[in-house]
Amino acid sequence: MKTSCDICVIGNGAIGKACALALAQAGLEVVLVAPALPSEASGSAKALSDTNHWDHRVYALNHVARALLASLKVWDAMDAARIAPVDAMAVQGDAPDQSGVLNFDAYGARVGALAWIVEDSNLNHALDAALRFASGLKILHGAAKQLERSTDVAQITLDNGDLISSKLVLGADGAHSWVRTQADIGMDYRSYHQQAVVANFESEHPHHGVASQWFLGAEGIVALLPLPGHRVSLVWSAPDASANALLSESPDKLAQRLMDLSGQKLGQLHMLPPASPKSIPLRLIRSHALTADRVALLGDAAHVVHPLAGQGMNLGFADIQALLDAVVQRDQRSDCGDARTLVRYARTRKEEILLMHIATDGLQRLFASELPPVKLLRNAGMGLVNKLPFLKRRLMTHALGSSLSTHTDS
Ligand SMILES: Cc1cc2nc3c(=O)[nH]c(=O)nc-3n(C[C@H](O)[C@H](O)[C@H](O)COP(=O)(O)OP(=O)(O)OC[C@H]3O[C@@H](n4cnc5c(N)ncnc54)[C@H](O)[C@@H]3O)c2cc1C
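Trainee: So what's going on with the overall build of the protein chain? Which residues, and what values?
Mentor: Across its full length, the protein chain carries 11 helices and 20 strands. Relative to the compact-globule value of 22 Å for 410 residues, the protein chain shows a C-alpha radius of gyration of 22 Å, a close match. Overall, the C-alpha framework of the protein chain stretches about 65 × 45 × 40 Å when taken along its three principal axes. By the burial criterion, 52% of the 410 residues in the protein chain qualify as buried. Counting only contacts in the protein chain whose residues sit at least 6 apart along the sequence, the fraction spanning at least 24 positions is 73%. When the accessible surface of the protein chain is totalled, it reaches about 18,300 Å², and 56% of it is carbon and sulfur. Side chains of the protein chain give 37 positive and 40 negative charges; the mean places of these two sets differ by 4 Å.

Structure representation (structure tokens):
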């Protein structure tokens, strides 16, 4: 079968789906290439109706992500009862006297919430539903196996023989991006030799919408994110050996560690089913370019950052918005894969992606060091930032992904 379109999106993660949807809603002819996997939609719908089941994968989505999803009518299609607003953040360093503390709150930032904790299945279920009704959008199942580009068109061949002819190919195919390789875009890759151990817990006491984070030096970084009700989601970024030890512990032992760490603020913690944590290897990927002839990269295909700031997916949503703007606002005499459109997209995204790489990589190095002067400095730095409202506000602006003064939504 041969299909022609304006834009072919390869990859059906949240970024690929949202991007395909945004472009189709803007009036472009879009093909979304998704691997020929059994549909997860029915499974996720079942999980979503079970209040005892909470995804191991959750994301703290910022204001930019929420605004984009709202404009696509996806935000309101999610199950609101399964989304928790983050009203405050409490970050704790590893000074023995607990002097390294940094607190942020929505009130100080003049926003309704700092972020929202959303489950992967809630987000994908709403995206899948929106994709089913989108006009101008076709989903093809198969693995892309060949990409050929000429000056004015790109041609993709799928393993089932389908041919797609497109003005622009978008690689939203994740960290091991096939599109990135086919387009000869190089990358820097570094393993952090860490794994994120993730699990969910029921707590005795309420979390009051507070996302807590502890920097534990050699033991890694622990985040407890609020889920609806008396529930929290754990993301413990730990060196490989420590992560393996955590994974082999009993759920009660891990719960006890978190109770001790949080000074019993949440009372008794019990791991929610499935009562076994999962782990995800952590790495840094920096793509050498965001575009090549007739190709652009988005999401993890373009950048993979340490999850300590919970910003990877948010960066991907900001990529979508920038690409959409570049395509929609292009000179109408040119097509949507025109070099000038791609240059505009790459220019718009370059700085934020670079800053996020530097900030997340720098922070993880700073807090992994066991050198006493570095420890002293990082804790003193946190205490200092906490006392400087202007600097705190600047930091929050970046984390929220937007200008604070323009947001008052809840
Ligand atoms: C522990 C942890 C916590 C995180 N927490 C947060 C957070 O709180 N907030 C946040 O913003 N980010 C967070 N992130 C980052 C976030 O998970 C990623 O940035 C995001 O999932 C990337 O989405 P994506 O769609 O770009 O890639 P993926 O989710 O990897 O999707 C890529 C898709 O492409 C498909 N694919 C691959 N190859 C092909 C092919 N050849 N043809 C067709 N399809 C293909 C794959 O099947 C997959 O579905 C976290 C990450 C980790 C590890």
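Next comes the rest of the account.
Trainee: Which residues make up the nonpolar core, and what are the values?
Mentor: Counting residues in each nonpolar core, the largest one holds 73 residues, and the members touching the most others are Leu23, Leu123, Leu170 and Phe317. For Leu23, the residues in contact, after removing those within four places along its chain, are Ile7, Leu28, Val30, Leu170, Leu323, Leu324 and Val327. One finds Trp54, Tyr192, Val198 and Leu400 within the second-largest nonpolar core, a separate group that totals 29 residues.

Trainee: Any details on the confidence of the model for the protein chain? Residues and values, ideally.
Mentor: Across the protein chain, the average pLDDT comes to 90, with 91% of residues at 70 or higher. Counting interchain partners and residues more than four positions distant, the pLDDT-below-50 stretch residues 403–410 has 23 contacts.

Calculation criteria
- Residues numbered from 1 in each chain as written.
- Predicted model: local features only at pLDDT ≥ 70, side-chain atom pairs only at ≥ 80, totals over all residues.
- Heavy atoms only, no water.
- Helix = DSSP H or I, 4+ residues; strand = E, 2+ residues; numbered from the N terminus.
- Rg over C-alpha atoms; globule rule 2.2 N^0.38 Å.
- Buried < 20%, exposed > 50% of the residue type's maximum accessible area, 1.4 Å probe, protein only.
- Contact = heavy atoms within 4.5 Å.
- Areas by Shrake-Rupley, 256 points an atom, 1.4 Å probe, with all protein chains shown as cover.
- Lys, Arg positive; Asp, Glu negative; His and termini not counted.
- Charge placed at Lys NZ, Arg CZ, Asp CG, Glu CD.
- Core = buried A, V, L, I, M, F, W, Y, C linked by side-chain atoms within 4.5 Å.
- pLDDT = per-residue confidence, 0-100.

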